[in-house]
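# Working through the structure, step by step
Chain residues, written in single-letter form:
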Amino acid sequence: MIFHSSLTMRAHSHLLLFIISLACSSIVSGNSEYVGSEPCASCHAEQHQDWLSSHHKMAMASPTRATVAAPFEGERFEHFGNTTQFFQKDGQFFIKTTDSTEGEQTFTVAYTFGVYPLQQYLLPTEGGRLQAFTVAWDARPATEGGQRWYHLNPDEPIRPDDPLHWQGQYQNWNNSCAECHSTHLQKNYDDASKRFTTQFSEVSVGCEACHGPAQAHLTLAQSGDATHPKPTWPSTLKQRGTWRFNNAPIAVNHAQNHNDAQIN
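Here the structure is a predicted model, which means the values were calculated and not measured. (Residues numbered from 1 in each chain as written. Predicted model: local features only at pLDDT ≥ 70, side-chain atom pairs only at ≥ 80, totals over all residues. Heavy atoms only, no water.)

Turning our attention to the sheet that holds strand E3 (residues 82-89). The sheet built from 4 strands is open, its strands ordered E2-E3-E4-E5 with antiparallel pairing. The open sheet has two free edges, formed respectively by strand E2 (75-79) and strand E5 (105-108), since each of these has just one partner strand. Averaged over all neighbouring strand pairs, the angle between strand axes comes to 20 degrees, with direction disregarded. (Pairing = 2+ DSSP bridges. Helix = DSSP H or I, 4+ residues; strand = E, 2+ residues; numbered from the N terminus. Axes fitted to C-alpha atoms, helices over the stretch in contact; angles between N-to-C directions.)

See below:
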C-alpha cells in the first residue's frame, strides 16, 4: 500500500519509529558471564588502549557526533528517481528517503555500522529488525575521492520488492551482519511471530568476542590467589595458528590451524 501524506498517518508513523528506536537502543544482554571490555583495562592497559582506536571498537556504535563520520547537515542524495536527505534534530540523526516500501519515510539512525573506508547506518523497521541503509558515507579524505555519499549499487535501480533493497533480507543486520560486529550476539528470532529480539553483551567487537566471557578470569585476577587453577577459556587465539606481523602492516599466519573450534 502506498504511504499517504495525511498528517495523522505521518504522526502515527513517526511515533512508531520513535518507539522502535527506543527499543533498539537497549538491546544489551544481561548475561553476567560477560563483563565488557572496560574491566580488562586495569591489567591490560596497552592492549585496551590499542583497542580503543581499532576498527573492532568502531565496528558498531550508538550515533553521536563523535561516532557518526558523515555531516548529516541536510545533504540530499539522488538515485534513480529516489531522493534521500540526511539531517540532525535534537541530538539525533535522521534519514528521510522516498526509497522505501511505504513511500517517503523518515527513519531514526539506530547505530553506525563500520567506520572506514565507508560507514553505513542501521535503521529500525518492523519486527525488531535493523536494516543497513545502502547509501553509505565514503570516509576517505577528499583528496582520495572521499567525504561524499554514494550508493552501494550505483548503476541500477533496486526496487523495494528486491531482496537486495536496503529493507530486504540481504541487508538485515540481525541475520546477516550482527554476529561479526558485536560481542556475544543472540539473534533471538521467533518463527511464529517473524520477529527478532536480538541482544548482545557489547555493542562493538570487544575483548570477549575473541577471548570468551571474562567473569571467571576477572574474579581470579582480582582475588590475587596465584594457586587457584586458571579457568578454562571457551576459545583460544592459538587455535587459529601462529600469527606474526614481520614488519608488515597486517599479520600473516605462519602455521597450520590446530583445529576449527574458534571459527566454528
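There's more to say after this.
In this section: empty space enclosed by the protein. A full pass over the atoms with the stated rule returns 1 cavity of 30 Å³ or more. One number sums up the size of the largest cavity: a volume of about 110 Å³. Along the wall of the largest cavity there are 16 residues; nearest its centre are His79, Asn82, Asp99, Val135 and His151. Residue assignment for the lining of the largest cavity shows that the elements contributing at least two residues are E2 and E3. Of the residues that constitute the lining of the largest cavity, the class distribution is 6 nonpolar, 8 polar and 2 charged. (1 Å grid on protein atoms, 1.4 Å probe; cavity = no way out; pocket = protein on both sides within 12 Å on 5 of 7 lines; lining within 4 Å. Points joined across faces, edges and corners; volume = space filled by probe spheres on them. Nonpolar A, V, L, I, M, F, W, Y, C, P; charged D, E, K, R; others polar.)

How two aromatic rings sit relative to each other is set out by the distance from centre to centre and by the angle between their planes. A complete count under the given rule lists 14 aromatic pairs for this structure. Ring centres of phenylalanine 72 and tyrosine 121 lie 5.2 Å apart, and the angle between their planes is 85 degrees; on these two criteria the pair is classed as edge-to-face. Of this pair, phenylalanine 72 sits in the loop between strand E1 (60-61) and E2 while tyrosine 121 sits in strand E7 (residues 118-124), and the two are 49 residues apart along the sequence. Judged by its relative accessible area of 1%, phenylalanine 72 is buried. (Phe/Tyr/Trp six-rings, centres within 6.5 Å; stacked < 30°, edge-to-face > 60°. Buried < 20%, exposed > 50% of the residue type's maximum accessible area, 1.4 Å probe, protein only.)

Residue position: glutamine 120 is located in strand E7. Of the polar contacts made by the side chain of glutamine 120, one reaches the backbone oxygen of phenylalanine 133; its length is 3.0 Å. Sequence-distant contacts of glutamine 120, that is, excluding residues within four places in its chain, are made with Tyr111, Thr112, Phe113, Ala132, Phe133, Thr134, Ala136 and Leu152. (Polar contact = N/O pair within 3.5 Å; in protein donor to acceptor, adjacent residues only side chain to side chain. Contact = heavy atoms within 4.5 Å.)

Let us now look at the nonpolar core. In terms of nonpolar packing, the biggest core is built from 17 residues, with Phe72, Phe86, Ile95, Tyr121 and Trp149 touching the most fellow members. Elements represented by at least two residues in this core include exactly strand E4 (92-97), E7 and strand E9 (135-138). Once residues within four sequence positions are removed from consideration, isoleucine 95 is found in contact with Phe72, Thr84, Gln85, Phe86, Gln105, Thr106, Phe107, Val109, Tyr121, Leu123 and Phe133. Of all hydrophobic cores here, the second largest spans 13 residues; its members include Ile27, Ala110, Leu122 and Ala178. (Core = buried A, V, L, I, M, F, W, Y, C linked by side-chain atoms within 4.5 Å.)

Bringing the confidence of the model for the protein into the picture now. Per-chain confidence: the protein averages 85 in pLDDT, with 80% of residues scoring 70 or above. Note on residues 1-26: pLDDT is under 50 here. Beyond four places in sequence and across chains, it has 25 contacts. (pLDDT = per-residue confidence, 0-100.)

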